[in-house]
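These are the residues of each chain, in order.
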8 protein chains.
Amino acid sequence: LRTGFPEVVWGQDKTPQQIIQIIKTMRANHPVVMATRIEREVYQELRESIPDLQYYPVAKICAISSPETLPNRIGKITILTAGTADIPVAEEAAVTAELCGFQAQRLWDVGVAGIHRLLSNRHVIDEADVLIVVAGMEGALPSVVAGMADCPVIAVPTSVGYGANFSGVSPLLTMLNSCAAGIGVVNINNGFGAAILAGQILRAVQKVNPDVPVPAAIP
Amino acid sequence: LRTGFPEVVWGQDKTPQQIIQIIKTMRANHPVVMATRIEREVYQELRESIPDLQYYPVAKICAISSPETLPNRIGKITILTAGTADIPVAEEAAVTAELCGFQAQRLWDVGVAGIHRLLSNRHVIDEADVLIVVAGMEGALPSVVAGMADCPVIAVPTSVGYGANFSGVSPLLTMLNSCAAGIGVVNINNGFGAAILAGQILRAVQKVNPDVPVPAAIP
Amino acid sequence: LRTGFPEVVWGQDKTPQQIIQIIKTMRANHPVVMATRIEREVYQELRESIPDLQYYPVAKICAISSPETLPNRIGKITILTAGTADIPVAEEAAVTAELCGFQAQRLWDVGVAGIHRLLSNRHVIDEADVLIVVAGMEGALPSVVAGMADCPVIAVPTSVGYGANFSGVSPLLTMLNSCAAGIGVVNINNGFGAAILAGQILRAVQKVNPDVPVPAAIP
Amino acid sequence: LRTGFPEVVWGQDKTPQQIIQIIKTMRANHPVVMATRIEREVYQELRESIPDLQYYPVAKICAISSPETLPNRIGKITILTAGTADIPVAEEAAVTAELCGFQAQRLWDVGVAGIHRLLSNRHVIDEADVLIVVAGMEGALPSVVAGMADCPVIAVPTSVGYGANFSGVSPLLTMLNSCAAGIGVVNINNGFGAAILAGQILRAVQKVNPDVPVPAAIP
Amino acid sequence: LRTGFPEVVWGQDKTPQQIIQIIKTMRANHPVVMATRIEREVYQELRESIPDLQYYPVAKICAISSPETLPNRIGKITILTAGTADIPVAEEAAVTAELCGFQAQRLWDVGVAGIHRLLSNRHVIDEADVLIVVAGMEGALPSVVAGMADCPVIAVPTSVGYGANFSGVSPLLTMLNSCAAGIGVVNINNGFGAAILAGQILRAVQKVNPDVPVPAAIP
Amino acid sequence: LRTGFPEVVWGQDKTPQQIIQIIKTMRANHPVVMATRIEREVYQELRESIPDLQYYPVAKICAISSPETLPNRIGKITILTAGTADIPVAEEAAVTAELCGFQAQRLWDVGVAGIHRLLSNRHVIDEADVLIVVAGMEGALPSVVAGMADCPVIAVPTSVGYGANFSGVSPLLTMLNSCAAGIGVVNINNGFGAAILAGQILRAVQKVNPDVPVPAAIP
Amino acid sequence: LRTGFPEVVWGQDKTPQQIIQIIKTMRANHPVVMATRIEREVYQELRESIPDLQYYPVAKICAISSPETLPNRIGKITILTAGTADIPVAEEAAVTAELCGFQAQRLWDVGVAGIHRLLSNRHVIDEADVLIVVAGMEGALPSVVAGMADCPVIAVPTSVGYGANFSGVSPLLTMLNSCAAGIGVVNINNGFGAAILAGQILRAVQKVNPDVPVPAAIP
Amino acid sequence: LRTGFPEVVWGQDKTPQQIIQIIKTMRANHPVVMATRIEREVYQELRESIPDLQYYPVAKICAISSPETLPNRIGKITILTAGTADIPVAEEAAVTAELCGFQAQRLWDVGVAGIHRLLSNRHVIDEADVLIVVAGMEGALPSVVAGMADCPVIAVPTSVGYGANFSGVSPLLTMLNSCAAGIGVVNINNGFGAAILAGQILRAVQKVNPDVPVPAAIP
Ligand SMILES: Nc1ncnc2c1ncn2[C@@H]1O[C@H](COP(=O)(O)O)[C@@H](O)[C@H]1O
Ligand SMILES: Nc1ncnc2c1ncn2[C@@H]1O[C@H](COP(=O)(O)O)[C@@H](O)[C@H]1O
Ligand SMILES: Nc1ncnc2c1ncn2[C@@H]1O[C@H](COP(=O)(O)O)[C@@H](O)[C@H]1O
Ligand SMILES: Nc1ncnc2c1ncn2[C@@H]1O[C@H](COP(=O)(O)O)[C@@H](O)[C@H]1O
Ligand SMILES: [Mg+2]
Ligand SMILES: [Mg+2]
Ligand SMILES: [Mg+2]
Ligand SMILES: [Mg+2]
Ligand SMILES: [Mg+2]
Ligand SMILES: [Mg+2]
Ligand SMILES: [Mg+2]
Ligand SMILES: [Mg+2]
């Protein structure tokens, strides 16, 4: 990614030794390095070799960064979940957004089966620059939100559910078939990818209007 | 069905001659006879042999009935659709409900992508005895409705949609995975079955409380 | 659910600490609180913090309730299983029904491969107010039962089976395609949802006929 | 097939000219020649070249045979259908059975949603040598029949149905998952294959017990 | 099963205590009792309560029987496998066949990728009364065998394979689509069901020709 | 959509009379009205009632608009196709974009099997504000493009292909599984939805930075 | 393709005018131009603009070529089919092979249900340089052939079949799961792709051993 | 395989004792014996009985061979991976190729999301005799490579991925639908099969041109 975003390691399916080596190589050239899908036990092993490695346990993300290395970008990324079981995926998105230098606004547990929860948070949707909507089970939240919002909506299906949910296929199909236009869908549980797409959207500001100050580059 | 409901012919996959013969046999013993999935051309052929056959073109239902033969049952069946393309399936439910002797209340085009349409019809949901919710595309309407209603909800997926809709599989999965409890799902496009289930629910009144007057039996 | 039914926690995918906190919050305002999909080990951990928590091991349900808090509602919910391996799902339905204040009548192991078992229990079907029929393998029991019954039938597919059963997809399809009308289907293994739908059906009595005494509200 | 059964042409996907040529070649060496999946219009074209070709319109089978060429075999093949829409597939089986020299006993429309129809025909099942059970929709009939019968059961799913039937996949899965043992399943709509398997079963008599007279060979 | 075949317990998904109790009840009335899908550790627990319980480790079958209780039936059941990994399923069939009183003839590892192995065993196919053909991977063996044999063929797909095998779906489809007629298919890994069907086929001898001596009834 | 975008009618599954009535109602209140999935014959019928209706035959879009009613928005939408058969879907996106007031830049036939075609158009990707990448067959183009671009990428799978393409499922899965981050996927053939999402992205400029002039509202 | 193979137009989904224009452009620079998936009626329209266009009706291929323009390459491509309905796909492969300058050897109708047909053609397999094996239904032929051959085998599933064949998915899975190693699979009905792969294999001769004379380049 | 290639044991699903016995039998007659899918713990157990057994831990292959027994064949097999997680499958291919006597050239981590990595290795593709391209996730690499290469391409999908990857189904479909011709696909994770097919392709040299020296037979 030639975007000034963090360097990223996909941690799943890699041994701790592989991850350590890749992070060490990357940090030489990049101010922010992160790894996703890191279980706590793996983190503990990584930290022995990389003592300044931070851990975000709900997001299962490890990162090397510091206030001065983190860019300070324009725009915030608003993230919603339908249920509490969707929070880990939403946190993967939120922490990624923050490591990219954006502000992340979180609103959890506003699923459609209790529509009043969403309606009483209408202002969050109205004020959003870009929305990431995370939902498992039947995955109906992005449809309702996109109908209320007038900003881009990124829909993230999760594997939360059972039976005919098929590990996230049901909410994935729901989101692809949404009768509300203006929704982009990412892979099941792909909070990371949603945040990168949201970041790209906010960065588009600069390209569209050269008068907008360039987001602070990572030094 | 030993329920005092109409005798029913499944018209799809039958020749007009077969349908005519079955209706003629049935009408000898039953005050109300109906056939579903009847195209207009088929109806025109049937009517030549059965001049008093009525036709409901949107529902694609043919029926023999008259005010005096129709039972007058307790309770109404409220039917909602998400979009206009779902109306034929909803009408199959509504006409079936009426031929069973129930009152059918219709509310079309209140899909979740414009949630205000649903919210401004809240009283319809509040006053319902039993709800049939018909939706294609992503099929999210039953989840929202069931969260608002405190009566049984019957969800009917339709084959309206394209691409990853898979002819109604997407809304079917949505409805089976609803995080709102109290939803019973029927087959794709099965408006008829939804109405029969709704009718069975309203008939349950009599069994549960013997003081409630027995629904008028078909003579 | 604004229905006077218990508050419910979906226990799967939550840590014991999360469940404890949610139950403690809920019990402040609700006379009956229950949690589903709780393994015995989890229950033992929960009980240390909530000593009056009861456990229904076959149903895998935990609950806080007492005779005086349980409502005493009109109508009974009759629950059938095809095989013995379907009992845990059926018990999830039965215990939920009882915690909602209904009487649960159980009839196990009357699958269609030995049709005499069902026929010799005809009176159970005849006397039912509402039926929950639980079946895995090929899931044919609801079709036969719905043909015999004249009350609403809720069909629950289970994941019991192997090979081309696909963890409950085969009985799910069977139930959706039933040629007996009047069947509402819920998700695979969703005994809880079936009981809530049955409860909603029995509660419909009150709405349809205002002369029927209101089910005792939870104090 | 080295079995003394008819020579068979699969008519679907062949032009009339191809079918004519194959039948003419085959009849030179075989007393009975048949072709399946022949529409009436195709038959009319075939008959111009092969005047003694017979047509079985429901089964969509063409055949050349005569009483003296037909073998007279031991045993009868009993064929059941769940509904009337399954009859064409069942007739494909029945006519094939007869052209193989067996007696075919037909019992139509005894599906499980009206179990009394099956129970009042119990003697047909009791007297069967081998059963072919044809069903679409949810395809539950073979399970019930196999539980009642003590002879081999061949289950034929049909593509009759709609929605989540998936053109016969639902009854196919039902039959493969039957909890009644002793059922062999064939492809969707494969009445022909079911009859050949039934014929092979009846022919097994001879191999198992050499005292049984050899089925009359086709001269 | 009213067939003089063993009483059978499906062992999977049952606790040892449940299995012990069922076997003890059954043995009071039946000379042969068997349980399938029993792991060795489970067997060891069962044996403490039922000391005369035998174990067939490859078939994972437990049984109570003795030479004098086993019937001595007419006809043998010939069982083939494509590979060595298919043997456990084939042994489930073979041991079931033997506990039903039939002779089981085994021929392992004659898959189609080395067709000479099958061709050099042609006599086994020629002499068979009924064939059970067990295959995983692509499952092509039943097609080739059915083309060579003139007796009924029962095809058993196994879950042996990986990737696009989908745990046995690939060989299941192969067997259902076989262009060789006369094949009945059972569920994936269902060696037991195949043996029962084969047994039913051999028992059909008696019904078809009353001169054939009745298979020795279980005393 | 409260976005100043056109009012849109989904033309598929509607009769010409229905479309005419909806367009007439909409045009009373909106400067731009469009209908998608309109075949030429349908357009000809519509034009008789709405003489100023324009037709975009490749996009199969009808619209009422004029230079003065069309807004003039900031930013352009760049649209790529892999093959020529993907052009109709891409044109649905392009015309929608233009009717929303954006500039549409088209680049057709740069699929990955001839990577040089893409590489020699590198400047198009470099200069893009937001990219819509349309591809059928294996759908690999968005992965390659997203790796080259540093703006948001919207991927549109098409149903172009055959066999194991499954009417667009193959490219849909490809796009969801892309190892390039920053891709949002829409439903198969949903060029319209892609354009609306792209438009929402460009509109986000205004919200993020209030100094950017507000896109001209539709009067 | 920088291979000296013909220029190819995929004719499906293109209008005659589009095909004519593409062919005319291509023929300016290439000695051999071909188009696949051309129905006879389309050919007749094409021929009016391109009088020297040849047509191969079974293969549904159009081509411009002449003996002097056709290269004369080393090696032959041997093509087998399981049934007669597979011939069109096999001819697509054969004609493509010939237009690439290879010799095509055809052997039709040697499916595995009559294994003797294959065995009596053993010499064809023994003499093959590279094999293309085309099969629908259960698609078992490539497994048997690859076990007999010691050259590369390209397997082509066809959509010939019905029911659980799923338009070629069943033979596709069979071929991917073959327990015979050394098989490369192409898409359903993709005779063209199989021929190109076979041609690439024969061309590899030149690269591996520079002493082998370079295949005559197309002038 | 009558090809002078190693004897191979499929190690998955076999006990160490079974593998030991098969290897010991095979080594009596073959200079090179290998077993695939061998975990390290299994290898350690095997080595106690077969002390000269070598282990390739990444490929999970065990082998008995020595420089003098290994044939020295003409041609090299070039193997590419899209990502590092695909390396185990690629090593299964590479080690198999080497045990067959071919030279294996490895190029890892050149996936399409960073197309420059592939472009800067263009010479590797240009010099290849036959290519094996291994990719998980969306599996787009073979399409791009086949468009650049003019030698046969064997595509190997891996199960690397998550969510809508479906354990390798997504890259499998991608590869089957590639719009680049000349690609043969093998089963998910089947590195072994790809290497055997590549070996068969290189051996075809000899058959096509008898002047090419016969690959050294294994003595
Ligand atoms: N209706 C049918 N269903 C299934 N298989 C059939 C049917 N009719 C014919 N066949 C099979 O197709 C073979 C003939 O195929 P063909 O040589 O293509 O005409 C016969 O030997 C039968 O095995
Ligand atoms: N291995 C097996 N495969 C398929 N069905 C089996 C098997 N073992 C037992 N069964 C069936 O399971 C029934 C017993 O089920 P249960 O009453 O749950 O123990 C038997 O009557 C058989 O029909
Ligand atoms: N080509 C299209 N693809 C996807 N969605 C569309 C398309 N055209 C219209 N729509 C959506 O359909 C809605 C109108 O649907 P309807 O009210 O049924 O006409 C619009 O608001 C759009 O969101
Ligand atoms: N890793 C592998 N992937 C695919 N097929 C394999 C693999 N290893 C071995 N085989 C095949 O399995 C056969 C041996 O199977 P088996 O006789 O069960 O050990 C070999 O001849 C190969 O065709
Ligand atoms: Mg919106
Ligand atoms: Mg509710
Ligand atoms: Mg009923
Ligand atoms: Mg039976
Ligand atoms: Mg045979
Ligand atoms: Mg990028
Ligand atoms: Mg070979
Ligand atoms: Mg190439």
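Scoring rules and cut-offs
Residues numbered from 1 in each chain as written. Chains lettered and ligands numbered in written order. Predicted model: local features only at pLDDT ≥ 70, side-chain atom pairs only at ≥ 80, totals over all residues. Heavy atoms only, no water. Helix = DSSP H or I, 4+ residues; strand = E, 2+ residues; numbered from the N terminus. Rg over C-alpha atoms; globule rule 2.2 N^0.38 Å. Buried < 20%, exposed > 50% of the residue type's maximum accessible area, 1.4 Å probe, protein only. Contact = heavy atoms within 4.5 Å. Buried area = accessible area lost by both parts, 1.4 Å probe. Salt bridge = Lys/Arg side-chain N within 4 Å of Asp/Glu carboxyl O. Polar contact = N/O pair within 3.5 Å; in protein donor to acceptor, adjacent residues only side chain to side chain. Nonpolar A, V, L, I, M, F, W, Y, C, P; charged D, E, K, R; others polar. Donors = N, O, S within 2.8 Å, 3.2 Å for Na, K, Ca; no water. Near = heavy atom within 4 Å. Areas by Shrake-Rupley, 256 points an atom, 1.4 Å probe, with all protein chains shown as cover. Pairing = 2+ DSSP bridges. Axes fitted to C-alpha atoms, helices over the stretch in contact; angles between N-to-C directions. Least-squares fit on C-alpha atoms with pLDDT ≥ 70 in both. Expected span 1.5 Å × (residues − 1). Phe/Tyr/Trp six-rings, centres within 6.5 Å; stacked < 30°, edge-to-face > 60°. Lys NZ or Arg CZ within 6 Å of the ring centre and 35° of its normal. Disulfide = S-S within 2.5 Å.

K.L.:
So what exactly am I meant to see when it comes to the overall build of chain A here?
P.N.:
Scanning chain A from N- to C-terminus turns up eight helices and nine strands. For 219 residues, the compact-globule estimate of 2.2 N^0.38 gives 17 Å, and chain A sits close to it at 18 Å. Its C-alpha atoms put chain A at 50 × 45 × 25 Å along the principal axes. Out of the 219 residues belonging to chain A, those deemed buried represent 66%.

K.L.:
Can you help me understand the arrangement of the chains in this one?
P.N.:
At their nearest point, the C-alpha atoms of chain D and chain F are still 15 Å apart, with no contact between the two. For chain B and chain H, which are not in contact, the least C-alpha distance works out to 13 Å.

K.L.:
Explain the interface of chain C and chain B to me, please; I cannot follow it from the model alone.
P.N.:
Note: interface size is frequently given as the accessible area lost on complex formation between the parts. At the interface, 41 residues of chain C touch 41 residues of chain B. Summing both sides of the interface, chain C and chain B together bury roughly 3200 Å²; the carbon and sulfur share of this comes to 58%. Counting across the chain C and chain B interface gives two salt bridges. Across the pair Arg203(C) and Asp150(B) runs a salt bridge whose closest N-O atoms are separated by 3.8 Å. At the boundary of chain C and chain B, one finds five residue pairs in polar contact (both at pLDDT 80 or more). Elements supplying a minimum of two residues to the side of chain C that touches chain B: α5 (122–126), α7 (169–176), β9 (183–185) and α8 (191–208) of chain C. For the side of chain C that touches chain B, the element with the highest residue contribution is α8(C), accounting for 12 residues. For the side of chain C that touches chain B, a count of residues per class yields 24 nonpolar, nine polar and eight charged.

K.L.:
Help me understand the interface of chain C and chain D, please; the structure alone is not making it clear to me.
P.N.:
The interface is formed by 23 residues belonging to chain C together with 23 residues belonging to chain D. It is Ala113(C), Glu138(C) and Asn177(C) in chain C that bury the most area against chain D; as a group they hold 29% of the surface buried on that side. At the boundary of chain C with chain D, the tally comes to 14 residue pairs in polar contact (both at pLDDT 80 or more). Secondary structure elements with two or more residues in the side of chain C that touches chain D: α4 (115–119), α6 (141–148) and α7 of chain C. A breakdown of the residues in the side of chain C that touches chain D according to their chemical character gives 15 nonpolar, seven polar and one charged.

K.L.:
Looking at this structure, I do not really get the coordination of the magnesium ion (ligand 10). What am I missing?
P.N.:
For a metal with four tetrahedral donors the ideal donor-metal-donor angle is 109.5 degrees, whereas six octahedral donors ideally subtend 90 or 180 degrees. Around the magnesium ion (ligand 10), the protein contributes the donor atoms Ala146(F) (O) and Ala149(F) (O), which lie 2.0 to 2.3 Å from the metal centre. Residues Ala146(F) and Ala149(F) agree in their burial class; the two are buried.

K.L.:
I would appreciate a short explanation of the site of ligand 3 in the present structure.
P.N.:
Residues in contact with ligand 3, as listed here, are Cys179(A), Ala181(A), Tyr162(B), Val8(F), Val9(F), Trp10(F), Lys14(F), Thr36(F), Arg37(F), Glu92(F), Asn190(F) and Phe192(F). Ligand 3 sits at the junction of chains A, B and F, each of which supplies nearby residues. Within the side chain of Glu92(F), one N or O atom sits 3.2 Å away from a nitrogen atom of ligand 3. Taking 500 Å² as the accessible area of ligand 3 by itself, protein coverage stands at 74%. A class-by-class count of the residues in the shell around ligand 3 yields seven nonpolar, two polar and three charged.

K.L.:
Please explain the sheet that holds strand β2 (residues 33–36) of chain H as it appears in this structure.
P.N.:
Backbone-to-backbone hydrogen bonds join strands into a sheet, with any given pair of strands oriented parallel or antiparallel. Residues and elements named next belong to chain H. Strand order across the open sheet formed by four strands is β1-β2-β4-β3, with mixed pairing between neighbours. Of all strands in the sheet, those bounded by a partner on one side alone are β1 (7–10) and β3 (54–56). Across the sheet, the axes of successive neighbouring strands diverge by a mean angle of 20°, strand direction being ignored. Pairing of β3 with strand β4 (residues 61–64), which is carried by three bridges, proceeds in the antiparallel orientation.

K.L.:
Would you mind showing me how to read the relation of the copies chain C and chain B here?
P.N.:
For these two chain copies, the linking operation is a rotation about an axis paired with a shift along it. Between chain C and chain B, which share one sequence, the superposing operator has a rotation angle of 180° and an axial displacement of 0.0 Å; the RMSD is 0.0 Å. Such values leave the two copies arranged in the relation of a two-fold axis. In this assembly the copies share their binding face: 100% of the residues contributing to the interface of chain C also contribute to that of chain B.

K.L.:
Help me understand the site of ligand 2 in this model?
P.N.:
Inspection of the region around ligand 2 gives Tyr162(C), Cys179(D), Val8(E), Val9(E), Trp10(E), Lys14(E), Thr36(E), Arg37(E), Glu92(E), Asn190(E) and Phe192(E) as its neighbouring residues. Near ligand 2, residues from chains C, D and E are present, making the site a shared one. Contact between ligand 2 and Cys179(D): an oxygen atom at 3.3 Å from a main-chain N or O atom of the residue. When the free accessible area of ligand 2 is taken as 500 Å², the share hidden by the protein chains comes to 74%. Along the lines of polarity and charge, the residues of the shell around ligand 2 split into six nonpolar, two polar and three charged.

K.L.:
Can you help me understand the coordination of the magnesium ion (ligand 12) in this one?
P.N.:
At 2.0 to 2.3 Å from the magnesium ion (ligand 12) lie its protein donor atoms, namely Ala146(H) (O) and Ala149(H) (O). Accessibility expressed as a relative area gives 4% for Ala149(H), which makes it buried.

K.L.:
Explain the relation of the copies chain C and chain D to me, please; I cannot follow it from the model alone.
P.N.:
Between the two copies, chain C and chain D, the superposition gives an RMSD of 0.0 Å; the rotation angle is 180° and the shift along the axis is 0.0 Å. Taken together, the interface assignments show that 100% of the residues at the interface of chain C recur at the interface of chain D, consistent with an identical surface on both copies.

K.L.:
How should I be thinking about helix α3 (residues 87–99) of chain G in this particular structure?
P.N.:
An α-helical turn contains 3.6 residues, so a residue and the one three or four places further along point in the same direction. Residues and elements named next belong to chain G. Along its 13 residues, α3 runs 18 Å from first to last C-alpha, staying within 8% of the 18 Å computed at 1.5 Å per residue. Within α3, 11 of the 13 residues are buried, leaving the element largely enclosed by the surrounding structure. If you check which residues of α3 are buried, you get Ile87, Val89, Ala90, Glu91, Glu92, Ala93, Ala94, Val95, Thr96, Ala97 and Leu99. The positive-phi residue at the C-terminal boundary of α3 is glycine 101, with phi of around 100°.

K.L.:
It is not clear to me how the packing of aromatic side chains should be interpreted in this structure. Could you clarify?
P.N.:
Between two aromatic rings, the relevant description is the distance of the centres plus the angle of the planes. Here the structure, examined in full by the defined rule, presents 24 aromatic pairs over all chains. Each ring, one from Tyr162(E) and one from Trp10(H), has its centre 5.0 Å from the other, and the planes form 25°; the classification is stacked. Highlighted residues: Tyr162(E) in the loop between β8 (153–157) and α7 (169–176) and Trp10(H) in strand β1, drawn from two different chains. Of the residues examined, Tyr162(E) reaches a relative accessible area of 13% and is grouped as buried. Above the face of the Tyr162(D) ring, Arg37(B) is positioned so that its terminal group lies 4.5 Å from the ring centre. Above the ring of Phe5(B), the side-chain terminus of Arg203(B) is found at 5.7 Å from the ring centroid.

K.L.:
Would you explain the environment of Glu138(C) in this entry?
P.N.:
Position of Glu138(C) among the secondary structure elements: in the loop between β7 (130–135) and α6. Between the C-alpha atoms of Glu138(C) and Val112(C), which are 26 residues apart in sequence, the distance is 9.8 Å.

K.L.:
Please explain the state of the cysteines as it appears in this structure.
P.N.:
Put plainly, two cysteines are in a disulfide when a covalent bond ties their sulfur atoms together. One pass over the structure, following the stated rule, counts zero disulfides over all chains. The thiol of Cys62(C) is not disulfide-bonded; the next cysteine sulfur, from Cys100(C), is found 16 Å away. Here Cys151(D) is not cross-linked by a disulfide; its sulfur's nearest cysteine counterpart is in Cys100(E), at 16 Å.

K.L.:
What is the right way to look at the side chain of Thr174(D) in this model?
P.N.:
Structurally, the position occupied by Thr174(D) is in helix α7 (residues 169–176). Apart from residues lying up to four places away in sequence, Thr174(D) is in contact with Glu138(C), Ser170(C), Thr174(C), Glu138(D), Gly139(D) and Ala140(D).

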